[in-house]
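Residue-level structural notes
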Amino acid sequence: MSPGPALPSDADPDGTTVLAASDVARALTRIAHEIVERARGVDDLVLLGIPTRGVTLARRLAERLAQIDPAFDAEACVGELDVTMYRDDLRRQPTRAVGVTRLPAAGIENRTVVLVDDVLFSGRTIRAALDALGDLGRPRAVRLACLVDRGHREVPIRPDFVGKNLPTAQSERVSVRLEEIDGVADAVVIAGRDAAGERGSTR
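The model shown is predicted, which means the values in this text are computed figures rather than measured ones.

Some details on the overall build of the chain
- The helix and strand inventory of the chain stands at 5 helices and 9 strands.
- Ordered by position from the N terminus, the helices and strands of the chain form the series β-β-α-β-α-β-β-α-β-β-β-α-β-α.
- The buried share among the 203 residues of the chain stands at 46%.
- Considering only intrachain contacts with a sequence separation of at least 6, the fraction spanning at least 24 residues in the chain is 68%.
- Accessible surface, the chain: about 10,700 Å² in total, of which carbon and sulfur atoms supply 48%.

What follows is the structure, given as structure tokens:
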């Protein structure tokens, strides 16, 4: 039996790869430099990842910030922010599991907080993150970094740092794969999405 034609290098059985591992690495390095430039250094910077993949991305960004400026403590200045109880879809998804919020020991008061997420879509997750953050302290400034901005905002949220702007249709799905979580090479994959999947997404 013939094995059939070989798939192109960017082909994926679940969709089309729009960012490969090397692209993800370059995007994160660029974002890290932009964060330092915008903040005029690393003093008082805090990175808070939004579970799940935002936490991994925040840790990677912290490592890059430490490479740019050794004064930045990549371990002490990274945390994670669970937004489950602040989401506006709890009535429709009451079984959603509550995660954990871990703040750096120094807290967030009067510091510049960079929220980190993988895909920015409707903006509702980030709105929930801002509400959660407000109950934890009063940062001096809050920034948003995301690996992919796919558009289709439903609330007035705009990222400060973006790895890739990716125009999409509502019916498409954008998946971020990270080696630490998915056990495969880093990638951003775009695929079609049926109507049921579209209704369930609030990213």
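From this point, the discussion proceeds with the structure in view.
Re the sheet that holds strand β7 (residues 161-165)
- Sheet architecture is open: 5 strands sit in the order β4-β3-β5-β6-β7, paired in parallel fashion. Both edges of this open sheet fall to β4 (78-80) and β7, since each of them pairs with a single strand only. When strand polarity is set aside, the average angle formed by the axes of neighbouring strands in this sheet is 25°.
- Two elements, strand β3 (residues 45-49) and strand β5 (residues 112-120), share 5 bridges in a ladder whose sense is parallel. In the sheet register, Leu47 faces β5, and the bridge partner there is Val114.

As for helix α3 (residues 124-134)
- Those residues of α3 that fall on the buried side of the exposure criterion are Thr125, Ile126, Ala128, Ala129, Ala132 and Leu133. Buried positions in α3, seen along its axis, are confined to an arc of 155° and lie on one side of it.

Some words on the packing of aromatic side chains
- As enumerated under the stated definition, the model contains 0 aromatic pairs in all.
- In this arrangement the basic side chain of Arg150 is found over the ring face of Phe121, its NZ or CZ atom lying 4.0 Å from the centre.

Brief notes about the pattern of salt bridges
- Per the stated rule, a full pass over the model turns up 13 salt bridges.
- Connected through shared salt-bridge partners, Asp88, Arg124, Arg127 and Glu154 make up one network.

Some remarks on the side chain of Asp149
- Note on placement: Asp149 falls in strand β6 (residues 141-149).
- In this structure the side chain of Asp149 is engaged in a polar contact, spanning 3.0 Å, whose partner is the backbone nitrogen of Gly151.
- In terms of polar contacts, Asp149 uses its side chain to reach the side chain of Arg153, at 2.9 Å.
- Among residues more than four places away in sequence, those in contact with Asp149 are Leu120, Pro159, Val162, Lys164, Asn165 and Leu166.

What to know about a nonpolar patch on the surface
- A cluster of nonpolar side chains, Met85, Tyr86 and Val98, forms an exposed patch at the surface whose accessible area comes to about 300 Å².
- By secondary structure assignment, the location of Val98 is in the loop between β4 and β5.

Quick word on empty space enclosed by the protein
- Across all of its chains, the model carries 1 cavity of 30 Å³ or more by this definition.
- Of the volumes computed, that of the largest cavity is approximately 30 Å³.
- Mapped onto the lining of the largest cavity, the elements with two or more residues apiece are α1 (21-39), α2 (53-68), β5 and β6.
- Element by element, the count of residues in the lining of the largest cavity is highest for β6, at 3 residues.
- Grouping the amino acids of the lining of the largest cavity by side-chain chemistry returns 8 nonpolar, no polar and 1 charged.

Side note on the environment of Leu120
- Tracing the sequence through the fold places Leu120 in strand β5.
- Leu120 gets classed as buried once you look at its relative accessible area, which sits at 3%.
- The contact partners of Leu120, leaving out residues within four places of it in the chain, are Ile126, Leu144, Cys146, Val148, Asp149, Arg150, Gly151, Arg153, Ile157 and Pro159.

So, the confidence of the model for the chain
- Of all residues in the chain, 85% have pLDDT values of 70 or greater, and the mean over the chain is 88.
- Note that residues 1-11 has pLDDT below 50 and, in this model, 2 contacts with residues that lie over four places away or in other chains.
- When the criterion is pLDDT under 50, residues 193-202 qualifies, and its contacts beyond four places in sequence or with other chains add up to 19 contacts.

Conventions we followed
- Residues numbered from 1 in each chain as written.
- Predicted model: local features only at pLDDT ≥ 70, side-chain atom pairs only at ≥ 80, totals over all residues.
- Heavy atoms only, no water.
- Helix = DSSP H or I, 4+ residues; strand = E, 2+ residues; numbered from the N terminus.
- Buried < 20%, exposed > 50% of the residue type's maximum accessible area, 1.4 Å probe, protein only.
- Contact = heavy atoms within 4.5 Å.
- Areas by Shrake-Rupley, 256 points an atom, 1.4 Å probe, with all protein chains shown as cover.
- Pairing = 2+ DSSP bridges.
- Axes fitted to C-alpha atoms, helices over the stretch in contact; angles between N-to-C directions.
- Arc of directions from axis to C-beta.
- Phe/Tyr/Trp six-rings, centres within 6.5 Å; stacked < 30°, edge-to-face > 60°.
- Lys NZ or Arg CZ within 6 Å of the ring centre and 35° of its normal.
- Salt bridge = Lys/Arg side-chain N within 4 Å of Asp/Glu carboxyl O.
- Polar contact = N/O pair within 3.5 Å; in protein donor to acceptor, adjacent residues only side chain to side chain.
- Patch = residues over 30% accessible without salt bridge, like charges linked within 9 Å, V, L, I, M, F, W, Y side chains within 5 Å.
- 1 Å grid on protein atoms, 1.4 Å probe; cavity = no way out; pocket = protein on both sides within 12 Å on 5 of 7 lines; lining within 4 Å.
- Points joined across faces, edges and corners; volume = space filled by probe spheres on them.
- Nonpolar A, V, L, I, M, F, W, Y, C, P; charged D, E, K, R; others polar.
- pLDDT = per-residue confidence, 0-100.

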